[in-house]
Amino acid sequence: MRDGFVKVAAGTPKIRVADCGYNAGQIIALMKEAAAQGVKVLALPELCVTGYTCGDLFLQPTLLDGAERALGRILEETKELDLLTALGMPIRAENKLYNCAVVIQRGDILGLIPKTHIPNYGEFNEQRWFVCGGEVDFYVSDLCGHRPLLCAGQTFDCNIPNLIIGVEICEDLWAAEPPSVKLSQNEATVILNLSASDEVAGKAEYRRQLVTGQSARLICGYVYADAGEGESSTDLVFSGHNMIAENGTMLAENRFATGLTVSEIDVQRLAYERRRINTFPCGTGWVNDGTFSLEVSDTPLTRPISPTPFLPTDESRRGERCEEILTIAALGLKKRLEHTNAPCAVVGLSGGLDSTLAVLITAKAFDLLGRDRKGILAVTMPCFGTTRRTRSNAELLAAELGTDFLEVNIGKAVEQHFADIGQSRDDHSVTFENAQARERTQVLMDLANQRGGLVIGTGDLSELALGWATYNGDHMSMYAVNASIPKTLVRHLTAWEAERLGGRAGEVLRDILNTPVSPELLPPKDGEIAQITEDLVGPYELHDFYLYYAIRWGFPPRKVLRLASRAFEGRYDRETLLKWLKNFYRRFFAQQFKRSCLPDGPKVGSVSLSPRGDWRMPSDAVARLWLDELENL
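A few points on the structure. Note that the structure is predicted; figures quoted are calculated from it, not measured.

So, how was this worked out
Within each chain, residue numbers correspond to sequence positions counted from 1 in written order. Residues qualify for local features only when their pLDDT is at least 70, as the model is predicted, and side-chain atom pairs are given and counted only at 80 or more; totals for whole chains, interfaces and linings, by contrast, use all residues. Based on all heavy atoms of the structure, the side-chain values leave hydrogens and waters out of the count. Strands are runs of DSSP state E lasting at least two residues, helices are runs of H or I lasting at least four, and both sets are numbered from the N terminus onward. Each residue is placed in one exposure class: buried if its accessible area under a 1.4 Å probe, protein chains only, is under 20% of its type's maximum, exposed if it is over 50%, and partly exposed if it falls in between. Two residues qualify as a contact provided that any one of their heavy atoms is within 4.5 Å of a heavy atom in the partner residue. Lys and Arg are tallied as positive, Asp and Glu as negative. Neither His nor the chain termini are counted. Taken as the charge location is NZ of Lys, CZ of Arg, CG of Asp or CD of Glu. Any two strands with at least two DSSP-identified bridges between them are counted as paired. Only the stretch in contact is used when fitting a helix axis, every axis being a line fitted to C-alpha atoms; angles between N-to-C directions are given from 0 to 180 degrees. By salt bridge we mean one thing: a side-chain nitrogen of Lys or Arg within 4 Å of a carboxyl oxygen of Asp or Glu. The way it works is a 1 Å grid over only the protein atoms, where trapped points that fit a 1.4 Å probe form a cavity and open points with protein on both sides within 12 Å along at least five of seven lines form a pocket, and then any residue with an atom within 4 Å of a point lines it. Grid points are joined across faces, edges and corners, and a volume is the space filled by probe spheres set on the points. Gly counts as polar in this scheme, as do all residues outside two lists: the nonpolar Ala, Val, Leu, Ile, Met, Phe, Trp, Tyr, Cys and Pro, and the charged Asp, Glu, Lys and Arg. Residues adjacent in sequence count toward polar contacts only when both atoms are side-chain atoms; beyond that, a polar contact is any pair of N or O atoms within 3.5 Å, and within protein one must be able to donate a hydrogen and the other to accept it.

## Examining the overall build of the protein chain
- Within the protein chain, the regular secondary structure consists of 20 helices and 22 strands.
- If you line up the protein chain on its principal axes, its C-alpha atoms span 100 × 55 × 40 Å.
- Out of the 633 residues belonging to the protein chain, those deemed buried represent 57%.
- For the protein chain, contacts bridging at least 24 residues in sequence account for 74% of all contacts bridging at least 6.
- Averaged over its 67 positive side-chain charges, the protein chain has a centre that lies 3 Å from the centre of its 82 negative ones.

So, in structure tokens, the structure goes:
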């Protein structure tokens, strides 16, 4: 449970209708299996102690007495388990019958949660037996020797930070105002749903949308436990459709099976997001809180952790997502070109990845405007580090896209500048490199002035995070189309465009993809690129991973490292991950001054470092706390 991860499960025991003793045995076995797997919070189906399909037997004292004896046995035989469990059974109270979730832990009943919305349609005529528990709030005397509170508004606060449990039952989720809304506003981060939802064609997808959608709206974890095998099939079939979702993402799912569905919910992440989104309301007047304690331990992770969090994960929708991203970026540029009445867009086309994506986005913007792509001026500016391969790819790509093309060799201009400032051509220091980058930016700006156009920036989000840009060089433009696109996504989008365009254009794009990432500011060695960016600052796939979790989610360094160790297992050892993570934090803090004066650019994803948008940070902030944590790991 360290780092906010809590192992949870939705369980479906195989039951027999009205056989409470048998059902108790199955529930106990499932609880022990869950505890053995390290589960700390378990949800079981609605009315699983008796079976959901008992009909008029619910009114029989014999069944209700049997259910209470079964609960007593469950409490006794699980009192040593470090596990909170919510299980469903009918509860007699004040001469009424309630469909309840019984929340138990270590042999104690923490509370009773009555169902709020009682259906009375089709086969679901629960109002025949049960009453609504939405407004009740009283203690039930002598339930298996306990006196628990019966109240729908209860939440259960744990000693583990940010772990607060709320419970609702089946139809409650389908209602216009589910109890989980108020429970989440009252700080519940994990909602358990005890359900008995029958299976008909198409219903599973609707149920799935409800669960993931509710977890997204409430910024919560949602554990949905469904009745399954053993329920009566007289008129209905139950599939045991169990789901675990977190903030709109399905973490684990099973259907047509009994047993456990297990994953880990990150309550630290949920709490961070609720703090970040200040429109999320807090406080409802529901203050009937119970408490419980769990042993603090590390939670082995089974939930999926993608090494490429910025990339589309649904392969079937990959094309749709790539097209969406390119269109968003192009629409931003389209608006800027329209607003400024700029007839021309000037792009420095080096034959590298970033400038390639920038010219692709610019071409799309011109298409959206209905303009001739000859209004795009692609400029290549060879100098001391330019290789034949990149220069050739730049010219070929411009030809395939139908843009105007210009070569401006800046070697003599840079040499004159060196002479002016007393810089030796043999001194390959940062001045040697940055003078070339700034000269290129000057050329682009002046060409844009000649044509009344705009300079289109090529720098990407990963470079902005690391400060891997020459201040007032490639750092500056009139509109930065790549500003919120990280390097891994730049590569992915370019690969998709290569597939989409095919032919000669596709071949050129694939060769650009196979070219090492480099600013080409140092002289080549034997005609090949001498300056490999990732050898200097580290692999971009790692930095993009670090950027996503450290900045988007605010995770502390130790947690970022833990996630990276799992995501890149077998590819990078811990020492390598730690080395580049330290480098990421050092550079991110030290280079904020470059981000504080960024040109405009469109946000296309969940992370942006624009000083006017998602990221506000003083340029003098100190990284000491973050680096100290890494040093102490």
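## Let's talk about the sheet that holds strand β14 (residues 242–246)
- Across the sheet, seven strands lie side by side as β15-β14-β13-β12-β11-β10-β17; this open sheet has mixed pairing. Two strands lie at the open edges of the sheet, namely β15 (249–254) and β17 (289–292), each paired on one side alone. Mean inter-strand twist for the sheet, computed between neighbouring axes without regard to direction, equals 20 degrees.
- Across five bridges, strand β11 (residues 164–169) lies against strand β12 (residues 190–195) in parallel orientation. Residue pairing for β12: Glu168 is matched across the bridge by Asn193.

## Here we look at the pattern of salt bridges
- Applying the stated rule across the entire model yields 48 salt bridges.
- In this structure, Arg552 engages Glu273 in a salt bridge whose closest nitrogen and oxygen atoms are separated by 2.8 Å. With Arg552 in helix α16 (residues 540–552) and Glu273 in helix α6 (residues 267–276), this pair connects stretches of sequence that are 279 residues apart.
- Where Glu338 meets Lys334, a salt bridge forms, and the shortest distance between an N and an O atom there is 3.4 Å. Residue Glu338 and its partner Lys334 are located together in helix α7 (residues 318–340), separated by four residues, close to a single helical turn.
- Three or more residues are tied together by salt bridges with common partners; here these are Asp3, Arg558, Arg562 and Glu629.

## Remarks on the layout of surface pockets
- Approximately 1300 Å³ is the volume attributed to the largest pocket.
- Thr249, Pro309, Leu311, Thr313 and Tyr548 are, among the 39 residues lining the largest pocket, the residues nearest its centre.
- Broken down by secondary-structure element, the contributors of at least two residues to the lining of the largest pocket are β15, α6, α7 and α16.
- Counting residues per element, the lining of the largest pocket draws most heavily on α7, at six residues.
- Class assignment of the residues belonging to the lining of the largest pocket gives a composition of 19 nonpolar, eight polar and 12 charged.

## A word on the environment of Ile265
- Tracing the chain through its elements places Ile265 in strand β16 (residues 259–266).
- You can call Ile265 buried: its relative accessible area is 0%.
- With 258 residues separating them in the primary sequence, Ile265 and Lys7 have C-alpha atoms 6.4 Å apart.

## A look at the sheet that holds strand β18 (residues 345–348)
- Taken together, five strands build an open sheet; the order of strands is β20-β19-β18-β21-β22 and the sheet is parallel. Both edges of this open sheet fall to β20 (404–407) and β22 (479–480), since each of them pairs with a single strand only.
- Strands β18, β19 (376–380), β20 and β21 (454–457) of the sheet are contacted by helix α11 (residues 430–451), whose axis makes an angle of about 160 degrees with β18.

## Comments concerning the side chain of Lys203
- In this fold, Lys203 is placed in helix α5 (residues 203–217).
- At 3.3 Å, the side chain of Lys203 and the side chain of Ser197 are in polar contact.
- When sequence neighbours within four positions are dropped, the list of residues in contact with Lys203 reads Trp174, Ser197 and Asp198.

## Some remarks on empty space enclosed by the protein
- Tallying each qualifying case throughout the model produces two cavities of 30 Å³ or more.
- A volume near 110 Å³ is recorded for the largest cavity.
- As for the largest cavity, its lining consists of 14 residues, of which Gly459, Leu464, Asp474, His475 and Ala480 are closest to the centre.
- Classifying every residue of the lining of the largest cavity gives seven nonpolar, five polar and two charged.

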